[in-house]
Amino acid sequence: MKNVDVKKLLVFILIIVAIGIIGFVAFKSLGKDKISDEEKEIIENLGFNYYVNMSRDYSSFYGGLDYLFSKDKVTYDDLDTGAILNTALTYAQDNNLNLTIQSGYMDGLEDENLYGDLDNYGIYNAQGIRDAIKELFGVEWDNKSSINTLNFMYDFYYDGLFDLYLVMRNDVMDYTDSNRSMNYKIIETTKKDNKLLTTFALGYIYGDGNTMSIAKDPSGEEIVVENTSSVELPDDKLDSFNKYTLTLKQTDDKKYVFESIEKQN
């Protein structure tokens, strides 16, 4: 039997070990950025029920929804107080967060006599709204009012004595056109470095009661689809629409919250 070359054997073993380590690291890296069905559902639910609607109730033909997409990029810091509170209120109502005011608080508000006829307001427990903001944006909310925001159709009054929000329709004109709407088509949802990203196409829909057209822009100057009965953005036309990426970031407690919506070049 020939003598075994110990040096060559050691080199061979080291090569095998190195290959194994590289393969393990690569596998872990792939697993780290692999998106689960639950994560995909999270970003699509939060994204298209709440985040793309954060400018709802500004006055425009599209009920304000188009305001959000008038900038190339929007982060939490770009949002008006009214938009944050409005989105949080909707989220709290949809997800059964506690918005109930305590017994006797209505009498207390009457005694304060600061708001006029309370029948003109929706009145909500501020804790439920703070909880919603925490879940949506990952921040501890510093209570504040939102009154007379330009082109925003609702005023939010924070009452610190009773820890309530009073919400009232103001006198900003509502220009919402029932023949106009917006729709989205998800192109891809991915995960990268503990962030979830969904890229989607955005279309503006014009209807006349019978047929519809779908445009690239809110003014309807760049029509992509004409004479359609469907509000869906067709797959073979997606490259003709503007595309945006919604990004959610993971918090320390492993929940996902809004980071940005950014237009793609």
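The rules behind each value
- Residues numbered from 1 in each chain as written.
- Predicted model: local features only at pLDDT ≥ 70, side-chain atom pairs only at ≥ 80, totals over all residues.
- Heavy atoms only, no water.
- Patch = residues over 30% accessible without salt bridge, like charges linked within 9 Å, V, L, I, M, F, W, Y side chains within 5 Å.
- Areas by Shrake-Rupley, 256 points an atom, 1.4 Å probe, with all protein chains shown as cover.
- Salt bridge = Lys/Arg side-chain N within 4 Å of Asp/Glu carboxyl O.
- Helix = DSSP H or I, 4+ residues; strand = E, 2+ residues; numbered from the N terminus.
- Buried < 20%, exposed > 50% of the residue type's maximum accessible area, 1.4 Å probe, protein only.
- Polar contact = N/O pair within 3.5 Å; in protein donor to acceptor, adjacent residues only side chain to side chain.
- Contact = heavy atoms within 4.5 Å.
- pLDDT = per-residue confidence, 0-100.
- Pairing = 2+ DSSP bridges.
- Axes fitted to C-alpha atoms, helices over the stretch in contact; angles between N-to-C directions.

Peer 1: Provide a residue-level description of a nonpolar patch on the surface, including the pertinent values.
Peer 2: A surface patch of nonpolar side chains, amounting to about 340 Å² of accessible area, comprises Phe 61, Met 173 and Tyr 175. With respect to the helices and strands, Phe 61 occurs in the loop between helix H2 (37-49) and strand S1 (73-75).

Peer 1: Can you lay out the side chain of Asn 183 for me, pointing to particular residues and giving the numbers?
Peer 2: Looking at the secondary structure, you find Asn 183 in strand S5 (residues 180-192). Judged by relative accessible area, Asn 183 falls into the buried class, the value being 16%. From its side chain, Asn 183 meets the backbone oxygen of Val 231 in a polar contact 2.8 Å long. With residues near it in sequence (within four places) discarded, Asn 183 still touches Ala 201, Leu 202, Gly 203, Ile 205, Val 231, Glu 232 and Leu 233.

Peer 1: Help me get a handle on the confidence of the model for the protein chain, residues and values and all.
Peer 2: Per-chain confidence: the protein chain averages 91 in pLDDT, with 89% of residues scoring 70 or above. Counted against residues more than four places away or in other chains, residues 24-31, with its pLDDT under 50, gives zero contacts.

Peer 1: Can you lay out the sheet that holds strand S2 (residues 122-125) for me, pointing to particular residues and giving the numbers?
Peer 2: The sheet built from three strands is open, its strands ordered S2-S4-S3 with antiparallel pairing. Strands at the two margins of the open sheet, each flanked by one partner only, are S2 and strand S3 (154-159). Strand-to-strand twist across the sheet, computed as the mean angle between neighbouring axes with direction ignored, equals 20 degrees. Inspection of the sheet shows S3 paired to strand S4 (residues 164-169) by six bridges, in the antiparallel sense. If you follow Asp 159 over to S4, its bridge partner there is Leu 164. Against the sheet, helix H3 (residues 81-94) touches S2, S3 and S4, its axis set at about 80 degrees to S3. Against the sheet, helix H5 (residues 126-137) makes contact with S2, S3 and S4, and its axis sits at roughly 70 degrees relative to S2, the strand it touches most.

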